[in-house]
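So you can see what is in the structure, the chains are spelled out below.
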Amino acid sequence: METVKSLNKWANAHTSYPLDILRIVVGIFLFWKGVSFMTNTEYYNQLIEPIKSLGGGMLIVHYVMAAHMMGGVMIVFGLLTRWAIIAQIPILLGAFLVNFTFEMNVGNLILSFLLLCISVFFLFYGSGKHSADYYFKMQQ
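Reference entry: report on the structure contained in this document. No experiment lies behind these values; they were computed from the predicted model shown.

### A short note on the overall build of the protein
Consideration 1: Scanning the protein from N- to C-terminus turns up seven helices and zero strands.
Consideration 2: Each helix and strand of the protein, placed in order from N terminus to C terminus, yields the pattern α-α-α-α-α-α-α.
Consideration 3: The burial tally for the protein puts 34% of its 140 residues in the buried class.
Consideration 4: The long-range share in the protein, meaning contacts at least 24 apart out of those at least 6 apart in sequence, stands at 74%.
Consideration 5: As presented, the protein carries roughly 8700 Å² of accessible surface, and 73% of it is formed by carbon and sulfur atoms.

Here it is, written out as structure tokens:
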């Protein structure tokens, strides 16, 4: 807990609008991907074809859609950002590994790796000073 407090203090002292805009863009992109997966299930079924044999395919489908949509909204507003990022990291790691180990799609590989790196950054950085987390913390 002390580590999280020290990370929050550092992030609030070094916050800037470009990082907040990056957080908002990542949240919007994740929300858009969740909606895209929900409306285009055929494409999504093709994406998870290599891991269908592992079992729990429908559970994975629903987890990815819900985590992207709810997590994206939470990241945009900066509400429980670290928890939303923790829900995104297994999905992004899986997207990177599927693109890396099975059928190579360079565009998706780069995108998933970039989002994974940004998510890990925000996992440590937090939501910043211009967020709902900071606003609610100041209201106490």
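### Observations regarding the packing of helix α5 (residues 81-101) against helix α6 (residues 106-125)
Consideration 1: Remark: α5 packs on α6, axes separated minimally by 9 Å, with the N-to-C direction vectors making an angle of 155°. Accordingly, the angle class assigned to the pair α5 and α6 is roughly antiparallel. Taken as a pair, α5 and α6 cross one another with a handedness that is left-handed. Residues R82, I85, I86, I89, L92, L93, A95, F96, N99 and F100 of α5 pack against N108, L109, S112, F113, L115, L116, S119, V120, F122, L123, F124 and Y125 of α6.
Consideration 2: Looking at the contact of α5 with α6 residue by residue, the classes come out as 17 nonpolar, four polar and one charged.

### Here we look at the packing of helix α2 (residues 17-39) against α6
Consideration 1: Look at α2 against α6: their axes get within 11 Å of each other, and the N-to-C directions meet at 125°. What the angle tells us is that α2 and α6 run oblique. The two elements α2 and α6 cross, and the hand of that crossing is left-handed. Along the contact surface, α2 presents L19, L22, R23, V26 and F29, while α6 presents L111, L115, I118, F121, F122 and Y125.
Consideration 2: Grouping the amino acids of the contact of α2 with α6 by side-chain chemistry returns ten nonpolar, no polar and one charged.

### Re a nonpolar patch on the surface
Consideration 1: On the surface, F31, V73, F77, L79, L80, W83, I86, Y135 and F136 cluster together to form a nonpolar patch covering roughly 930 Å² of accessible area.
Consideration 2: Taken together, the elements giving at least two residues each to the nonpolar patch come down to α4 (57-77), α5 and α7 (132-139).
Consideration 3: Relative to the helices and strands, V73 is located in helix α4.
Consideration 4: We classify V73 as partly exposed; its relative accessible area is 36%.

Basis of the calculations
- Residues numbered from 1 in each chain as written.
- Predicted model: local features only at pLDDT ≥ 70, side-chain atom pairs only at ≥ 80, totals over all residues.
- Heavy atoms only, no water.
- Helix = DSSP H or I, 4+ residues; strand = E, 2+ residues; numbered from the N terminus.
- Buried < 20%, exposed > 50% of the residue type's maximum accessible area, 1.4 Å probe, protein only.
- Contact = heavy atoms within 4.5 Å.
- Areas by Shrake-Rupley, 256 points an atom, 1.4 Å probe, with all protein chains shown as cover.
- Axes fitted to C-alpha atoms, helices over the stretch in contact; angles between N-to-C directions.
- Parallel < 35°, antiparallel > 145°, perpendicular 65-115°, else oblique.
- Left-handed = near helix turned anticlockwise from the far one by under 90°.
- Nonpolar A, V, L, I, M, F, W, Y, C, P; charged D, E, K, R; others polar.
- Patch = residues over 30% accessible without salt bridge, like charges linked within 9 Å, V, L, I, M, F, W, Y side chains within 5 Å.
- Salt bridge = Lys/Arg side-chain N within 4 Å of Asp/Glu carboxyl O.

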